[in-house]
Amino acid sequence: EDQVTQSPEALRLQEGESSSLNCSYTVSGLRGLFWYRQDPGKGPEFLFTLYSAGEEKEKERLKATLTKKESFLHITAPKPEDSATYLCAVQLIQGAQKLVFGQGTRLTINP
Amino acid sequence: NAGVTQTPKFQVLKTGQSMTLQCAQDMNHEYMSWYRQDPGMGLRLIHYSVGAGITDQGEVPNGYNVSRSTTEDFPLRLLSAAPSQTSVYFCASSPLPHNSGRVAYEQYFGPGTRLTVT
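What comes next concerns the included structure.

About the cut-offs
Residues numbered from 1 in each chain as written. Chains lettered and ligands numbered in written order. Predicted model: local features only at pLDDT ≥ 70, side-chain atom pairs only at ≥ 80, totals over all residues. Heavy atoms only, no water. Disulfide = S-S within 2.5 Å. Helix = DSSP H or I, 4+ residues; strand = E, 2+ residues; numbered from the N terminus. Buried < 20%, exposed > 50% of the residue type's maximum accessible area, 1.4 Å probe, protein only. Pairing = 2+ DSSP bridges. Axes fitted to C-alpha atoms, helices over the stretch in contact; angles between N-to-C directions.

What follows is about the state of the cysteines. The term disulfide refers to a covalent linkage connecting the sulfur atoms of a pair of cysteines. Evaluated as defined, the whole model comprises two disulfides over all chains. Two residues share a disulfide in this structure: Cys-23 of chain A and Cys-88 of chain A, whose sulfurs sit 1.9 Å from each other. Because the sign of the S-S torsion sets the handedness, a value of about -55° for the bond joining Cys-23 of chain A and Cys-88 of chain A places this disulfide among the left-handed ones. Residue Cys-23 of chain A is located in strand β3 (residues 19-26), and its partner Cys-88 of chain A is located in strand β9 (residues 84-92); the two are separated by 65 residues in the primary sequence. A residue is classified by how much of its surface remains accessible, and Cys-88 of chain A, at 0% relative accessible area, is buried. Residue pairing for Cys-23 of chain B: its cysteine sulfur links by disulfide to Cys-91 of chain B, the two sulfurs lying 1.8 Å apart.

Written as structure tokens, this is what we have:
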């Protein structure tokens with residue numbers, strides 16, 4: 001069965017304290033892995049797509065990396081406005097119409 | 001571009017009532033989908049459509065109906081609401097991912113509808 005697991009469930013950091021969020025996946029064939037940001041009361045907002053092991057993408061204080069079994073979202077020197085829930089999702093090679101989402105990591109950055 | 005729009009934003013139903021959640025997109029996307037989001041469960045796919053007149057079931061389709069008469073609109077119908085359908089519902093759209101292709105298209109999400117069934 002195709003599965004995506006995110007850890008930790010929740011993470012509280014001080015402003016400027018760097019850390020990483022994890023997304024582990026077990027799928028039959030990976031077409032692409034997505035990271036989304038979701039603010040309270042809003043829909044998910046797209047951040048990155050990763051396709052193959054070794055790939056990295058960056059945007060401001062965020063960097064996403066991919067291995068054959070997991071992806072990391074690294075947050076460098078975070079600010080309070082980075083507080084959100086971060087979602088990971090995979091799209092399969094076969095059955096590409098169905099995304100499989102992880103449960104999300106709720107990130108809080110304290111000033 | 002308005003992107004993906006959903007109405008209503010909030011809704012309270014009594015058990016057994018029916019209603020339709022509306023979803024529209026103005027990006028000419030072939031693919032549209034409905035998800036529900038429950039605490040600790042992540043986003044789960046209810047139904048999806050790969051074009052006008054074509055729909056299919058996702059992971060949790062029971063109790064929901066969909067139709068797609070135009071490219072722009074993809075309404076979700078609850079025929080007889082149950083308390084287990086209390087959730088936040090999101091509609092999403094993207095270009096169509098073809099099974100023979102390798103490109104992964106990100107989905108664009110609407111703002112969501114918060115539904116409570118009492």
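Let us keep going from here.
So, on to unusual backbone geometry. Along the chain, Ser-7 of chain A connects to Pro-8 of chain A via a cis peptide bond; the corresponding omega equals -10°. The step from Thr-7 of chain B to Pro-8 of chain B runs through a cis peptide bond, and the omega angle for that step is -5°. You can see Pro-8 of chain B is positioned in the loop between β1 (4-7) and β2 (10-13). Even without glycine at this site, Glu-60 of chain A takes up a positive phi of about 55°. Mapped onto the elements, Glu-60 of chain A comes out in the loop between β6 (56-59) and β7 (62-66).

All names here are of chain A. Ordered in space as β1-β3-β8-β7-β6, the five strands form an open sheet in which the pairing is antiparallel. Edge positions in the sheet fall to β1 (3-7) and β6, since each of these pairs with one other strand and no more. Pairs of neighbouring strands in the sheet enclose a mean axial angle of 15°, with direction left out of account. For β6 and β7, the ladder comprises four bridges, and the chain directions are antiparallel. Residue Glu-56 lies in a different strand from β7, and its bridge partner there is Thr-65.

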